[in-house]
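Listed below, chain by chain, are the residues.
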Amino acid sequence: MHISEGVLSGPILAGGAILALGGLARGLRELRADDLPRAALLAAVFFTASLIHVSMGFFSAHLLLNGLLGLLLGWAAFPVIFIGLLLQGVLLQYGGLTVLGVNTFNMAGPAAAFGLAGRAALARFGWRAAPAVSLLAGGGTILFSGVLTALSLGLSGQEFAAAAAALGLAHLPVAAIEALVTLFAVQFLRQVRPGLLGRTGDVRP
Amino acid sequence: MPSETLISLRDLTFAYPGGPPVLKGLNLDFRAGETLGLSGANGAGKSTLLFLIMGLAKPQGGTVEIFGRPRRTERDFQEVRPSLGFVFQDANDQLFCPTVADDLAFGPLNLGLEHEEIHRRVAEALDMLGLAGFERRVTYDLSGGEKKLVAIGAALTLHPRLLILDEPTAALDPGTVSRLEDILAASGLPALIVSHDQDFLARVATRRLTMADGFLF
Amino acid sequence: MTCDLNPGRSVLHRLDPRLKLLAVTAWSLLAALSRTGPAALFALAGALAFAGLGRLAPGPTAKRLSAVNFFLVFIWLFLPFSVPGEPGPALGGLSATKPGLELALLLTVKVNAAALGALAFFGTSSVTQLAAAARRLGAPEKLTAVFLLTLRYFHVLSLEYARLRQALKVRAFRPGLNLHTLRTYANLVGILLVRGVDRAERVHAAMLCRGYTGRFWFHDHFRFTGLDWLGAVLLAILLSGGAALNAF
């Protein structure tokens, strides 16, 4: 869940921007000229997914897919998620330029971290690790994003403490759903295009 | 012995938002036992007509009656869609599960059927399609013809009362067309078929209509 | 494809996209960093003025604003009760504090000021023009290129997704609180990904065939007109004024 513009304090906005910039620079280095179309495609899927309303009876949310992006992109999750968020801000006209740094870092940081770890695990243990990896990456990414989001709010001022805690907790059901969706999505990719998860040949059958 | 009217369209009018009228008061009766072929020029509104029958679009005027009852709300259409066996023109628009078995099982899963029953229907469909052994094949990687057969199978596993096919022979080689005809015959289901393929319709249709200028002739 | 968001001929439409990009960034910062009531209200008033200049349609604008205000629900649920200070009215059985209510109100004004400014400046521009403007202002070439490609792919994807949703209906899918629903959505994402990646590969091959070597060029005919200079000066004045109000 990303934070609206106008709530966080100046130092947090600046700190988030710097951290995001670092991640962006690192992520852009990963993207060779040949990778640009695919990166753009993933950013477009990320953006489209944010418009997919998953309605499960009374509870409705929209898909985030940060964990999956992390598994597919590693460090490149930074520029891809950045562009997805930017597109939301511009195309949907939600704005959010000042919080772009914070939101990018909060979402892409855990995504990249879990993604890199997940890919390493798959390379080491093969496909049988896929279910555990997907659940952990899918859910863990959201949980950590929740913690970072709560921190961003909480560190902006003492008065936000209660709201920050609530915001963090709100990520729990989302994390559960994302863990499962990532599990099934990776299962799909494993059957249809296993080469997408790591350079072909990385993942032992 | 009069045949039951499955679909009845009365005075159907439709235009896309901001566009010219596509249907101008169209009437149609589709009865059990028949294979109805609909032809017409591109843009005449044939696919639109099918979308209106499936409740994927709302007419500006007129009524859509399916199985003897008027259908207006999304709820009404949800009730009948499993029985209407719709097959899209492009199989890629219809199939999105990893394997053939998954795609064939999707419909029955939505109907909340038991595992054994789903298994049975999938095996039955594979048999009828001549795709034995295709259970674990990845749908996305199949040839165009094979995908079309799976798409039809995906409709058949719902055990529909009829089939609605939008340009079924588009981009198919003669061999697959022939298999398609066999499947249609074997299913024993009445079928509403939109097609350009005059030869195909000549072989399978019991009645043929042409769509032009917003009406059926 | 220019991707005009709200085509029109208002004053804002005619401004140089580079100026608009700078304006929206600056105004968002002003709104986000406002610490006092007067400063925040000034930011909101300015945003309303921009919205007026851009001749934004009230209905759709209000709808977009309501989406942004969603986050504020959180704020209003907690802030009035968690900020220590002079007690205020009791809301729903709990006693709120005056500082809490004031802070929630301040945030509400700030959030809406920033959002409305974005609506005004983005809403009167073409996305591709904004990307070109960003490039001119120093955005990295790779990033801008990916942004534009993403936009193009999104158009295709949204059509594909719409067709898949029709397929869901036709195949009798009913979303519910179960694994089948989650698996179905995961499969949709999967198929969009796989198809998309294949398409991206074809696009890449086509680009290579046309001499792509990794560099992108962006076309623009940006020229600062008198209107732009006037706008820039006014903006500078407003920004200083707004910043100064933080002292009150």
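Structure's up top.
Definitions and cut-offs
- Residues numbered from 1 in each chain as written.
- Chains lettered and ligands numbered in written order.
- Predicted model: local features only at pLDDT ≥ 70, side-chain atom pairs only at ≥ 80, totals over all residues.
- Heavy atoms only, no water.
- Axes fitted to C-alpha atoms, helices over the stretch in contact; angles between N-to-C directions.
- Helix = DSSP H or I, 4+ residues; strand = E, 2+ residues; numbered from the N terminus.
- Left-handed = near helix turned anticlockwise from the far one by under 90°.
- Contact = heavy atoms within 4.5 Å.
- Nonpolar A, V, L, I, M, F, W, Y, C, P; charged D, E, K, R; others polar.
- Pairing = 2+ DSSP bridges.
- Buried area = accessible area lost by both parts, 1.4 Å probe.
- Salt bridge = Lys/Arg side-chain N within 4 Å of Asp/Glu carboxyl O.
- Polar contact = N/O pair within 3.5 Å; in protein donor to acceptor, adjacent residues only side chain to side chain.
- Buried < 20%, exposed > 50% of the residue type's maximum accessible area, 1.4 Å probe, protein only.

(A) Inspection of the packing of helix 3 (residues 66-73) of chain A against helix 6 (residues 130-154) of chain A at higher detail. Residue and element names in this part refer to chain A. Between helix 3 and helix 6, the shortest axis-to-axis distance is 7 Å and the interhelical angle comes to 120°. Crossing of helix 3 over helix 6 shows right-handed handedness. Counting all contacts with helix 3, which are made through Asn-66, Gly-67 and Leu-71, the residues of helix 6 involved are Val-133, Ala-137, Gly-138, Thr-141, Ile-142 and Ser-145. The residue inventory of the contact of helix 3 with helix 6, partitioned by class, reads four nonpolar, five polar and no charged.

(B) Structural detail: the pairing of strand 2 (residues 21-31) of chain B. Residues and elements named next belong to chain B. Bridge count between strand 1 (residues 5-15) and strand 2: eight bridges; the pairing is antiparallel. The partner of Phe-14 across the bridge, within strand 2, is Leu-23. Between the antiparallel neighbours strand 1 and strand 2 lie five residues, among them Gly-18 with a positive phi of about 75°.

(C) Seen up close, the interface of chain C and chain B. Counting from both sides, the interface comprises 19 residues of chain C and, opposite them, 25 residues of chain B. Together chain C and chain B conceal approximately 2,100 Å² of surface at their shared face, both sides included; 59% is due to carbon and sulfur atoms. Area buried by chain C at its contact with chain B is led by Lys-169, Val-170 and Arg-171 of chain C, which between them contribute 36% of it. At the junction of chain C with chain B, the criterion picks out three salt bridges. Here Arg-171 of chain C makes a salt bridge to Asp-103 of chain B, at a shortest N to O gap of 3.3 Å. Our count for the chain C to chain B interface comes out at nine residue pairs in polar contact (both at pLDDT 80 or more).

(D) Focus on helix 3 (residues 100-110) of chain B. Within helix 3 of chain B, nine of the 11 residues are buried, leaving the element largely enclosed by the surrounding structure. For helix 3 of chain B, every residue scored as buried is listed here: Val-100, Ala-101, Asp-103, Leu-104, Ala-105, Phe-106, Gly-107, Pro-108 and Asn-110 of chain B. Where helix 3 of chain B is buried, its residues meet helix 4 (115-129) and helix 5 (144-156) of chain B together with helix 7 (141-170) and helix 8 (179-209) of chain C. Once helix 3 of chain B ends, the next one or two residues include Gly-112 of chain B, with phi positive near 75°.

(E) Structural view of the pairing of strand 9 (residues 207-212) of chain B. Residue and element names in this part refer to chain B. Bridge analysis of strand 3 (residues 35-40) against strand 9 gives five bridges, and the strand direction is parallel. Bridge pairing in strand 9 links Gly-40 to Met-211. Pairing analysis gives two bridges linking strand 9 to strand 10 (residues 215-216), with the strands arranged antiparallel. Counted as the bridge partner of Met-211 is Leu-216 from strand 10.

(F) Focus on the interface of chain A and chain C. Counting residues at the interface gives 71 residues for chain A and 67 residues for chain C. Linking chain A to chain C there are two salt bridges. Among the ionic pairs, Glu-201 of chain C bridges to Arg-38 of chain A, the shortest N-O distance being 3.4 Å. The interface formed by chain A and chain C holds eight residue pairs in polar contact (both at pLDDT 80 or more) in total. At the level of secondary structure, the elements contributing two or more residues to the side of chain A that touches chain C comprise helix 1 (10-30), helix 2 (36-49), strand 1 (53-56), helix 3, helix 4 (77-91) and helix 7 (161-192) of chain A. When grouped by side-chain class, the residues that make up the side of chain A that touches chain C number 53 nonpolar, 13 polar and five charged.

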